[in-house]
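Descriptive analysis of the structure
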Amino acid sequence: MFQESVHAKAFQNYLEKADFPHTPPHLYDPIRYILSLSGKRIRPLLVLMGAELFDSSVVEQALPASAAIEFFHNFSLIHDDIMDVAPLRRGKPTVHQKWNDNVAILSGDALLIKAYQELAKCPVDKIPALLHLFNATSLEVCEGQQFDMDFEERAQVSETAYIDMIRLKTSVLLGCALQMGAIVAGADERSQALLYDFGVNLGIAFQLQDDILDVYGNPKSFGKQIGGDILSNKKTILFVKLQELISPTDQEELEYLLKQNIDSEPEKVEKMIGLYAKYDIQTLAIYQKEKFTTIAYEKLTEIQVEADKKEALFSLSDALMHRVQ
């Protein structure tokens, strides 16, 4: 659906014209490679949709900002994959796996610089506001990644801390993308803030949905290994809620399962799901997801533009939040 949209085609055409030299190849080939592993490209599309919401005539002027968001996002993926020692990205070898860590670090750095070069192509009078938002968001994404890594070393993580981590690591970039489009379109500050909040809350809901689907999704439609978060002891909303509610007796079983892998305990996923069921964790997680979805929709509804102009964003939101279970 996304790839066939007018905005997606416009962005793809713009991306194909991006200036990535062919030498040195170990600097630029990894950049072309990571950008070729295209997902839905939701973030750059949000920039264009944010602009169109207020002024459809400036969507083309927002293309450099959309490229900046996409370049920054992929820069962060390259570096995150190194930190996570991840072998695959979107089903293909990660940049550090295909080349090496040093190549990945430098290519990621170059991609970040390319993001700033794109911002410099935006309308001159909008650049200060775009830079302020982009810089603040970039730091928040780094903070979120650090919190995520810190959580790996912590025995307990509160629900509030977890929500704040995913807000920083994932969601603020969605809000930033939408607000950057609104800035290019000359939207007033209140409308910008509402659109930003819509994106952030939608992003939180989306990540919570991802946590839920990792355990309860359909393997054929989810596109990832079911139970992968359980096998890696990842602190998701499900795990955090379980820790919050679990009895001392069941705590012993939980601690046992956390020390096991698929070889030592082949039924680790099934037993953890059993604990989730005992405390009705799925229902609690769905409640949180729906709470943030509702907040997001309320923010979008508050924006003072014609209702039909919001239809595309509502449709995109529905598609993201109602993926096949």
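To keep things clear, this report deals only with the structure shown in the data block. (Residues numbered from 1 in each chain as written. Predicted model: local features only at pLDDT ≥ 70, side-chain atom pairs only at ≥ 80, totals over all residues. Heavy atoms only, no water.)

1. Some remarks on the overall build of the protein chain
For the record, the criterion: Only DSSP runs of H or I covering at least 4 residues are called helices, and only runs of E covering at least 2 are called strands; the numbering of each starts at the N terminus. A radius of gyration in this sense is built from C-alpha atoms; the matching globule rule multiplies 2.2 Å by the number of residues raised to 0.38. Under the scheme applied here, a residue whose accessible area is under 20% of the maximum for its type counts as buried, over 50% as exposed, and between as partly exposed, the area being computed with a 1.4 Å probe on protein chains only. Residues are treated as being in contact if the distance between any of their heavy atoms lies within 4.5 Å.
Secondary structure assignment for the protein chain yields 16 helices and 2 strands. Compactness check: the protein chain gives a C-alpha radius of gyration of 20 Å against a globular reference of 20 Å for 325 residues, within 12% of the reference. Taking the principal axes of the C-alpha coordinates as reference, the protein chain spans close to 65 × 50 × 35 Å. Counting all 325 residues of the protein chain, 51% fall into the buried class. Partitioning the intrachain contacts of the protein chain with sequence separation of at least 6 by distance along the chain shows that 72% fall at a separation of at least 24.

2. Concerning the side chain of Ser317
Mapping Ser317 onto the fold places it in helix H16 (residues 311-321). Ignoring any residue separated from it by four or fewer positions in sequence, one finds Ser317 in contact with Phe198, Leu202 and Tyr297.

3. Some words on the packing of helix H4 (residues 63-84) against helix H8 (residues 159-184)
When two helices pack together, their arrangement is given by the angle between their axes and by how far apart the axes lie. Going by this rule: Axis definition: a line fitted to C-alpha atoms, limited for helices to the stretch in contact. Angles are taken between N-to-C directions and run from 0 to 180 degrees. Every angle not falling under 35 degrees, over 145, or within 65 to 115 is termed oblique; those three ranges are roughly parallel, roughly antiparallel and roughly perpendicular. For any helix crossing, the convention is left-handed if the near helix is rotated counterclockwise from the far helix by under a right angle, and right-handed if that rotation is clockwise. The classification used treats Ala, Val, Leu, Ile, Met, Phe, Trp, Tyr, Cys and Pro as nonpolar, Asp, Glu, Lys and Arg as charged, and all other residues, Gly among them, as polar.
Two elements in contact, H4 and H8, have axes whose closest approach is 10 Å; the angle formed by their N-to-C orientations is 165°. Our classification of the angle between H4 and H8 gives roughly antiparallel. Here the hand of the crossing between H4 and H8 comes out right-handed. In this structure, H4 contributes Ala65, Ile69, Phe72, His73 and Asp80 to the contact, and H8 contributes Lys169, Leu173, Cys176, Ala177 and Met180. Its residues placed into classes, the contact of H4 with H8 shows 7 nonpolar, 1 polar and 2 charged.

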